Structure formats: structure tokens, C-alpha cells
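Notes for the structure review
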Amino acid sequence: MNDDVRNIVLGVMAAGISASLGWLTRTHLWRRRLRRKQAFLGLPGNAESLLVVNREAGRDGSVHRFDVFALIELSALIKECGAHTQILWHDTAGQGFGERTEFCLGGPFSNRRMAAHLHSLLPGVRVNTSPERGPDQGAFRIGPERYRVDPGVAEYVLLARLTAGEAGRPVFLFCGQRAITNQAATRYLARHHEKLARKYRGESFVLLLKVVNSQAYGPDVVELVADVTRTAREPLPAPAPASHRATG
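On a predicted model such as this, the values are computed, not experimentally measured, just so you know.

Overview of the pairing of strand β9 (residues 205–212)
One face of the sheet, then the other: side chains in a regular strand alternate in exactly this way. Burial of β9 is extensive: 6 of the 8 residues sit out of reach of the surface. Pairing geometry for strand β7 (residues 154–163) and β9, over 8 bridges, is antiparallel. Its bridge partner being in β9, E155 is matched across the sheet by V211. In this sheet, strand β10 (residues 222–227) lies alongside β9 in antiparallel orientation, the contact comprising 5 bridges.

In C-alpha cells form, the structure reads like this:
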């Protein structure tokens, strides 16, 4: 074997070793990211999960198109983890939480299970579900702060990851003032789950998001207003009793 042939063989071997090392490194990084995603979402391989969805107001048995889009985005996340899901109507999901990861979609005015979760897990949150039109219709109250909806201009949604129950699987809440805000929250989770996993390290969190100018930008422009975890999980103070001054 002359020097030219030897150099060619050594070059091919070096290229093969470099390619193998590169493949092994990429595979290791991909698997590590996958494990982090699975841990954050509570979805190990072949795990079962629930997608709990509301019904569109005034239409029995139908889902708003923005909620359908949200379900598609969540289903993609679940599939990437190698897990499985079952879709249930909000009024048929008669089971506890913690056994399976749950993704609950919709406001308490159209999703009874969301209303139950807010009452049990987030006692510091109130949502005005009154059917009467007015400036406070659909408004959020979180602690002392109130967040009103301005349709198509400024709308709010809560994105929460909460752990409860003995099994400890998380419950994800996407509680928006309008259907398009539910989709905005699911898209925010899909885009930022790695950052959220690093920041909260498996702990519960409640984020208040603002959807900006949805009539022009749809669910894409979302601002993080605040981390309201502590306030949302503390019960609201009881209203002060009315004082009665004696007259005479």
C-alpha cells in the first residue's frame, strides 16, 4: 500500500468516525430534549392523557374552530412524547386528577371541569361568567387586580401547570376569555415548553398571558403579563361586612 492509498483510507476512516460521533451526539441531545419534554408534560412513552374540551356556546355537540386548532397543537405535542390521548367533553369527564396528565381547554362559562379546577386549585381566581353584557363580562379577577376583555384588541388567558393527586401527573389549564385565546395559550406552551421546564423544574405555575390585536394577528402575538402563581393559589379575602350606622 503506497502513501496515497494509505492517506485515502485514513481519510475515509476519519470521515466515518466523525460522522458516527456526530450522529451519536445528535441522538443523545435529541433523547435528552425528549426526556425533558416528557417530564415537563408528564407524558412518558406510551402514557395516557386526557384532552378535556368545552362545547361551543349555543351549539350542542360542536367545538369552536379555534379550540379545534388548539386540540391539534396539543395532540402534536402529545404524539412527540410517544404518548396517547383521549378526548372528552367537559361534562363527561367525571374523574379525579393526577392519574393521567390532563389538558383542559376553555373558560368556566363553557367548561364545567375548568370551573371545578379553578375552584379547587386556583381559589384566588374569579371569572365573571354573567351572561349580561357589560364591561366586566368575562373579566378575570386575580387577587386585587381585574383584567377586562377588549374583543379583538386585548384579551387574556391563563396558562397553568398544576400538580395534584397522589400520582402527581400535571393538569394543564388553558382558560381564556375567548376561544382564540385558548389557542394562543396552547401555541405559547408549544413554543416555550423548554424554557418553562428549565425555569420551573417540575413545579406548578400560573401565567397570565395577553393576546394582542387578535383581529389582525390571530393567536400569534402573545405577551406574558405576569407570573401569578402565588396570588392565584391563595384564596381571595372574604368581602368585608357592610357597616350599619345607627340613626336617631
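Now that the structure is up, let's keep going.
Some points on the confidence of the model for the chain
Across the chain, the average pLDDT comes to 85, with 80% of residues at or above 70. Here residues 242–248 is a poorly scored stretch, pLDDT under 50, and it has 0 contacts once near neighbours within four places are set aside; other chains count.

Overview of the sheet that holds strand β4 (residues 125–127)
Pairing in this open sheet of 3 strands is antiparallel, and the strands run β4-β5-β6 from one edge to the other. Looking along the sheet, the strands with just one partner apiece sit at the ends: β4 and β6 (145–147). Sheet twist, expressed as the mean angle between neighbouring strand axes with direction ignored, is 20 degrees. In this sheet, β6 lies alongside strand β5 (residues 140–142) in antiparallel orientation, the contact comprising 3 bridges. Along β6, the bridge assignment pairs I142 with E145.

Topic: the nonpolar core
In terms of nonpolar packing, the biggest core is built from 29 residues, with L41, F103, F174 and L189 touching the most fellow members. Contributing elements (two or more residues each) for this core: α1 (3–41), β1 (48–53), α2 (65–80), β3 (101–105), β7, β8 (170–176), α4 (179–200) and β9. Per element, the largest residue contribution to this core is 6 residues, and it comes from α4. Of all hydrophobic cores here, the second largest spans 24 residues; its members include L50, L121, L173 and A232.

A word on the pattern of salt bridges
Summed over all chains, the structure comprises 7 salt bridges. Here D220 and R191 are joined by a salt bridge, their closest N and O atoms 3.5 Å apart. Highlighted residues: D220 in the loop between α5 (214–217) and β10 and R191 in helix α4, separated in sequence by 29 residues. For D220, a relative accessible area of 36% puts it in the partly exposed group. Connected via shared salt-bridge partners are E73, R187, R191 and D220.

Calculation criteria
Residues numbered from 1 in each chain as written. Predicted model: local features only at pLDDT ≥ 70, side-chain atom pairs only at ≥ 80, totals over all residues. Heavy atoms only, no water. Buried < 20%, exposed > 50% of the residue type's maximum accessible area, 1.4 Å probe, protein only. Helix = DSSP H or I, 4+ residues; strand = E, 2+ residues; numbered from the N terminus. Pairing = 2+ DSSP bridges. pLDDT = per-residue confidence, 0-100. Contact = heavy atoms within 4.5 Å. Axes fitted to C-alpha atoms, helices over the stretch in contact; angles between N-to-C directions. Core = buried A, V, L, I, M, F, W, Y, C linked by side-chain atoms within 4.5 Å. Salt bridge = Lys/Arg side-chain N within 4 Å of Asp/Glu carboxyl O.

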